[in-house]
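So the chains spell out like this:
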Amino acid sequence: MEKKNKYDELVDSIMDLVGGKENISFFTHCVTRLRFNVKDRSLVNIDEIEKIDIVVGTNWAGAQLQIIIGQSVGDAYKLICDKYGFEQEEAIDENLDDNDKKFNISINSIFDAISGCITPLLYVLIGCGMIKVLIILLGLCGISTDSSTCQILTFVGDAGFYFLPILVGYTAAKKFGANEGLGMVIGAMLIYPSFVSGISGGETYNFLGIPIYAASYANSIFPVIMCVAVMAPIERFIAKHSPDAIRSITESLLTILIMIPITYCVLGPLGAFLSQYLTAFILWLYDTTGFLGVAVLAGIRPLIVMTGMHSALQTYMISMITTAGYEPIMLPTAIINNVNQGVASFAVSLKTKDKDLQSTSRSCAITAVVAGITEPAMYGVNVKMKTPLYASMIGNFIGGAIIGIAKVYAYAFPGSVGMFGLLVCVGPTSMNFIYMIIALVVSVIVTFVGTMVLYKEAE
């Protein structure tokens, strides 16, 4: 007798439940979710999908159906691809490009675009950021930061951030369906050494008489994303109308020539303004509202994640860490929120008498607290039960207040925004780390007690 696979029910029924293969324009997955871009949402049977044992929950992001599986999502993804023939992603990408040609701008599409451009680079930001933390630790251990070893580490740590425009140019081109090499050229244009040194030295430039605004684009994200988003349809238009014999020349040459004034004179400066003013606004909010503002942002952090706004805020966090050397709000509160989502889920597992819910809640708690992946705990337990979510928001609020009062900073991107993310709060003063631990412990206690009190087992 053939052994039954835990994914069999999902694999066998999923295609009918999402409206058939012809209803899918793109299929991929992330760390915890299967992601189906569907053409007609009305054909999707959400209720039946959520009844499948392996499914923790579902979520819509625009036209994308996200089915939350957990960290083993890659296994389910491979089985579905093998059974329904999704292994040839290039063909599906073309369909997605056809859909993208429709002029459709929404908040969801903007958040999705930013997230799609930044998420592939998180490992780079984490690795280079942790090198910066390592340099701080070496300094605390009495090792001179002027030593040759520390200088090399500094070069490497800074490289991942300084050359971000080039890296983002690649991921943005992949996201918007453009040539990745051309996307990297757009990023390289903005940080070309002679251009950077000339701007910093007060030199003025123009292109065909159009003045070029003097701005620094190193460590930037917004300008490149905007430029590549505009470049993608331009490149497609040129490719479509170029003779095959000279297409390789005209597609690259004309695209770059058209993008020079657009990048240097319009979108580059506009993106720099957006990045600067977003950072300035959040810092103004931090300085004006004090600890109360941090507490409120921590309290509503689950709602920010559910709407996808946390993806847009990544640009602010990168800007802060690369310019100021620290980030005082989003990263510390993200660590507290992620741990509290796991704690709330664990509290449910202790109080419920439902064996399936006990098992699900405990596994979700481990994923959130240790790995910092909150989707299973949030959508599979806390949002469904509501009261655990409320308890976690109260715990977040208290922890955020302590962070605001003590002025706790994060000095790098964490490899895991769970309990191990605490390492990014190791800074020049040991009290920063100690206050962060105090804030986390207090918020965890409040979340746990709040869930135990508020959560009532359904009849």
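Structure shown above.
In short, a report on the structure. (Residues numbered from 1 in each chain as written. Predicted model: local features only at pLDDT ≥ 70, side-chain atom pairs only at ≥ 80, totals over all residues. Heavy atoms only, no water.)

**Concerning the overall build of the chain**
At step 1: If you tally the helices and strands in the chain, you get 19 helices and six strands.
At step 2: For the chain, whose C-alpha radius of gyration is 24 Å, the value lies close to the compact-globule estimate of 23 Å for 459 residues.
At step 3: Oriented by its inertia axes, the alpha-carbon framework of the chain measures out at about 75 × 60 × 40 Å.
At step 4: Here the chain holds 459 residues, and the buried ones make up 49% of them.
At step 5: Taking the contacts inside the chain whose residues are at least 6 apart along the sequence as the reference set, 72% of them involve residues at least 24 apart.
At step 6: When the accessible area of the chain is evaluated, it comes to approximately 21,900 Å², of which 64% is carbon and sulfur surface.
At step 7: Each charge sign in the chain was given a centre, from 28 positive and 36 negative side chains, and these centres are 6 Å apart. (Helix = DSSP H or I, 4+ residues; strand = E, 2+ residues; numbered from the N terminus. Rg over C-alpha atoms; globule rule 2.2 N^0.38 Å. Buried < 20%, exposed > 50% of the residue type's maximum accessible area, 1.4 Å probe, protein only. Contact = heavy atoms within 4.5 Å. Areas by Shrake-Rupley, 256 points an atom, 1.4 Å probe, with all protein chains shown as cover. Lys, Arg positive; Asp, Glu negative; His and termini not counted. Charge placed at Lys NZ, Arg CZ, Asp CG, Glu CD.)

**Description of the packing of aromatic side chains**
At step 1: This model, assessed by the stated rule, comprises nine aromatic pairs.
At step 2: Ring centres of F27 and F36 lie 4.3 Å apart, and the angle between their planes is 15°; on these two criteria the pair is classed as stacked.
At step 3: Overall, F27 belongs to the buried group, its relative accessible area being 1%.
At step 4: Judged by its relative accessible area of 0%, F36 is buried.
At step 5: Their ring planes at 45° and their centres at 5.0 Å tell us that F195 and Y264 sit as a pair that is tilted. (Phe/Tyr/Trp six-rings, centres within 6.5 Å; stacked < 30°, edge-to-face > 60°.)

**Focus on unusual backbone geometry**
At step 1: Backbone geometry at L208 places phi at a positive 55°, although glycine is not the residue there.
At step 2: Phi at K386 takes a positive value of approximately 70°, unusual for a residue other than glycine.
At step 3: Summarising the element assignment, K386 is placed in the loop between α17 (375-385) and α18 (387-406).

**A word on the packing of helix α9 (residues 180-190) against helix α12 (residues 247-299)**
At step 1: In contact at an axis separation of 11 Å, α9 and α12 are set at 35° when each is read in the N-to-C sense. Relative to α12, α9 is oriented so that their crossing is right-handed. Contacts between α9 and α12 pair L182, V185, I186, M189 and L190 from the former with S252, T255, I256, M259, I260, T263 and Y264 from the latter.
At step 2: Among the residues forming the contact of α9 with α12, the class breakdown is nine nonpolar, three polar and no charged. (Axes fitted to C-alpha atoms, helices over the stretch in contact; angles between N-to-C directions. Left-handed = near helix turned anticlockwise from the far one by under 90°. Nonpolar A, V, L, I, M, F, W, Y, C, P; charged D, E, K, R; others polar.)

**Examining helix α7 (residues 148-162)**
In an α-helix, one turn spans 3.6 residues, which is why side chains three or four residues apart end up on the same side.
At step 1: The first and last C-alpha atoms of α7 sit 20 Å apart over 15 residues, in line with the 21 Å expected at 1.5 Å per residue.
At step 2: C150, G157, G160 and F161 are the residues of α7 that are buried. Buried residues of α7, seen end-on, are gathered within an arc of 105° and therefore sit on one face of the element. With respect to the buried face of α7, the exposed residues turned more than 90 degrees away are S148 and F155. (Expected span 1.5 Å × (residues − 1). Arc of directions from axis to C-beta.)

**Observations concerning the pattern of salt bridges**
At step 1: Counted under the stated rule, the structure contains four salt bridges.
At step 2: Across the salt bridge formed by K51 and E48, the nearest N and O atoms sit 3.2 Å from each other.
At step 3: Given a relative accessible area of 57%, K51 falls into the exposed group.
At step 4: You can call E48 partly exposed: its relative accessible area is 34%.
At step 5: The partner of E251 in a salt bridge is R247, with the nearest N and O atoms 3.1 Å apart. (Salt bridge = Lys/Arg side-chain N within 4 Å of Asp/Glu carboxyl O.)

**Brief notes about the packing of helix α15 (residues 330-351) against α18**
Each packed pair of helices is defined by two parameters, the angle between the axes and the distance between the axes.
At step 1: In the contact formed by α15 and α18, the axes pass within 9 Å of each other and the chain directions differ by 145°. Read as a crossing pair, α15 and α18 show a hand that is right-handed. Of the residues in α18, those touching α15 at P332, T333, I336, N337, N340, Q341, A344 and V348 are P388, L389, S392, G395, N396, G399, G400 and I403.
At step 2: The residue inventory of the contact of α15 with α18, partitioned by class, reads seven nonpolar, nine polar and no charged.

**Re the state of the cysteines**
At step 1: Enumeration over the complete set of coordinates arrives at zero disulfides.
At step 2: Its sulfur unpaired, C227 is 11 Å from the next cysteine sulfur, which belongs to C265.
At step 3: When its relative accessible area of 0% is taken as the criterion, C227 is described as buried. (Disulfide = S-S within 2.5 Å.)

**Observations regarding the layout of surface pockets**
At step 1: For the second largest pocket, the calculated volume is near 530 Å³.
At step 2: Lining of the second largest pocket is provided by 22 residues; of these, D53, I54, V55, V56 and T360 occupy positions nearest its centre.
At step 3: Among the secondary structure elements, those contributing two or more residues to the lining of the second largest pocket are α16 (355-371) and α17.
At step 4: Per element, the largest residue contribution to the lining of the second largest pocket is seven residues, and it comes from α16.
At step 5: The residue makeup of the lining of the second largest pocket, split by class, is nine nonpolar, eight polar and five charged. (1 Å grid on protein atoms, 1.4 Å probe; cavity = no way out; pocket = protein on both sides within 12 Å on 5 of 7 lines; lining within 4 Å. Points joined across faces, edges and corners; volume = space filled by probe spheres on them.)

**Re the sheet that holds strand β4 (residues 64-68)**
At step 1: Taken together, four strands build an open sheet; the order of strands is β1-β2-β4-β3 and the sheet is antiparallel. Both outer strands of the open sheet, β1 (24-29) and β3 (57-61), are each paired with one neighbouring strand and no more. Strand-to-strand, the axes of this sheet are offset by a mean angle of 20°, without reference to chain direction.
At step 2: With five bridges joining them, β1 and strand β2 (residues 33-38) adopt antiparallel strand pairing. Bridged to F27 within β2 is F36. (Pairing = 2+ DSSP bridges.)

**What about α18?**
At step 1: Here α18 contains 20 residues, and its C-alpha end-to-end distance of 29 Å stays within 8% of the 28 Å for a straight helix at 1.5 Å per residue.
At step 2: Among the residues trailing α18, K407 stands out with phi positive, at a value near 55°.

**Details of the nonpolar core**
At step 1: Ranked by internal contacts, the top residues of the largest apolar core, which has 75 residues, are L164, F176, V228, Y264 and M436.
At step 2: Once residues lying within four places of it in the same chain are set aside, the contact partners of L164 are L121, L125, N219, S220, I221 and I318.
At step 3: Formed by 28 residues, the second largest nonpolar core is a distinct cluster that contains I14, L34, L65 and C81. (Core = buried A, V, L, I, M, F, W, Y, C linked by side-chain atoms within 4.5 Å.)

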